[in-house]
Amino acid sequence: MQPRDLSDHSPYVPGRGVEEVARDRGIDPDDLIKLSSNENPHGPSPAAVEAIRERADRIHQYPKSSHTDLTAKLAEKWDVTPEQVWVSPGADGSIDYLSRAALDPGDEVLVPSPGFAYYAMSARYHHGAVSEYELDPGDDFAQDAEAVLTAYAGERIVYVTSPHNPTGSTMPLAEVEAIADATAEETLVVVDEAYGEFAEIDSAIPLVDERDDVAVLRTFSKAYGLAGLRIGYGVVPEAWGEAYARVNTPFAASELACRAAIAALDDEDHVSQSVETARWAREYIADEIDAPTVESAGNFVLAEVGDATGVTDAAQDRGVIVRDCTSFGLPNHVRISTGTREETREAVETLNETLADLGLGVRA
Ligand SMILES: *Cc1c(COP(=O)(O)O)cnc(C)c1O
């Protein structure tokens, strides 16, 4: 007896974990600099950790008021109704909820290439089909309405990632609006702002209130440093609010995750320090690495090193873990997450030595 035919489903390829690499190489995890998963190098907000400790002895109860409180807090932050805030296990959870709420079997979604793998995965889980729009490496992967609309053929959901993963490029709000204007009434434009805090552009969330065909994704995994807890949210048009109760997995956002997120929202110093470090580090990487880079508004930089797998493996032997972008369809690129100032300096030095040894270094 077998599961259904899953041959169309490709497994998610995450950045490699520190413990995993340390075990493979027989080295101490503390000797590794892990810049492969866009995690927060400052760790979580201490207030979030404290909230988890405080609540730990109550986890025999289902999360109820914590979920309500977090939803209300986010609604207030973004000036939308609580019904418009879909709290979920990571932003990935909201992608699933949108797939469940939007897709009939065979409906299509339009996703960026290169791009975040989970949009397509989720659509396929929900018996949807996937088509892609191309971001042009020759144009620094620039994101505009034209690139999307050229490929658009009436898909039910169009995904835009801004700042984009893995390129770091942003899509101006006017372009998002142009896409929403040009697409069918039944097409939802989903703007994934997982890295929104790091960017110096406005969120698309006000558009969600002005119109009924744009939704926005946000997460606590990146700037807030809570990736291990799995907590994020979608902000949806008013008419979609009611669907949440019908599609969400009951209690999927845990008690500890909701409480930690509430505390993290109040710790503005932690977020601003995280953003400041990322902005410094992405400039530093772009200036110092011996490879062409793409201008990034996120907490990572895409670098064209020539041989992604070769460089990733060789850098890992020297204690620096970066993301091989082959799985994104970019076999010449690595994505380097921003670390602390110290980690970033050390990582760039190691990467430049690696590039020189492989005969790949290109001084910009
Ligand atoms: C990290 C990331 C997410 C969300 O991750 P979660 O941990 O599930 O919140 C969503 N979209 C993109 C583009 C990301 O890089």
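If you're wondering where the values come from, they're calculated on a predicted model, not measured in any experiment.

Enquirer: Teacher, can you tell me more about the sheet that holds strand 9 (residues 300–304) here?
Expert: Backbone hydrogen bonds hold the strands of a sheet together, and the pairing may be parallel or antiparallel. Overall, mixed pairing links the four strands, which are arranged 1-10-11-9 in an open sheet. Two strands bound the open sheet, and with one partner strand each, they are strand 1 (33–35) and strand 9. The average undirected angle you get between the axes of adjacent strands in this sheet is 30°. With three bridges connecting them, strand 1 and strand 10 (residues 320–324) associate as parallel partners. Across the sheet, I33 pairs through a bridge with V320, a residue of strand 10. Along the sheet, helix 12 (residues 308–317) contacts strand 10 and strand 11 (333–337); its crossing angle with strand 10, the most-contacted strand, is approximately 165°. On the sheet, helix 13 (residues 341–357) packs against strand 1, strand 10 and strand 11 and is oriented at approximately 90° with respect to strand 1.

Enquirer: Can you help me understand the site of the ligand in this one?
Expert: Contacts to the ligand come from 14 residues, most closely from D192, Y195, T219, S221 and K222. One of the backbone N or O atoms of A91 is found 2.6 Å from an oxygen atom in the ligand. Within the side chain of K222, an N or O atom sits 3.2 Å from an oxygen atom of the ligand. If the ligand stood free it would expose 380 Å²; the protein chains cover 94% of that surface. Examining the composition of the shell around the ligand, we find that three residues originate from one element, helix 4 (residues 90–102), more than from any other.

Criteria and cut-off values
Residues numbered from 1 in each chain as written. Predicted model: local features only at pLDDT ≥ 70, side-chain atom pairs only at ≥ 80, totals over all residues. Heavy atoms only, no water. Pairing = 2+ DSSP bridges. Helix = DSSP H or I, 4+ residues; strand = E, 2+ residues; numbered from the N terminus. Axes fitted to C-alpha atoms, helices over the stretch in contact; angles between N-to-C directions. Contact = heavy atoms within 4.5 Å. Near = heavy atom within 4 Å. Polar contact = N/O pair within 3.5 Å; in protein donor to acceptor, adjacent residues only side chain to side chain. Areas by Shrake-Rupley, 256 points an atom, 1.4 Å probe, with all protein chains shown as cover.

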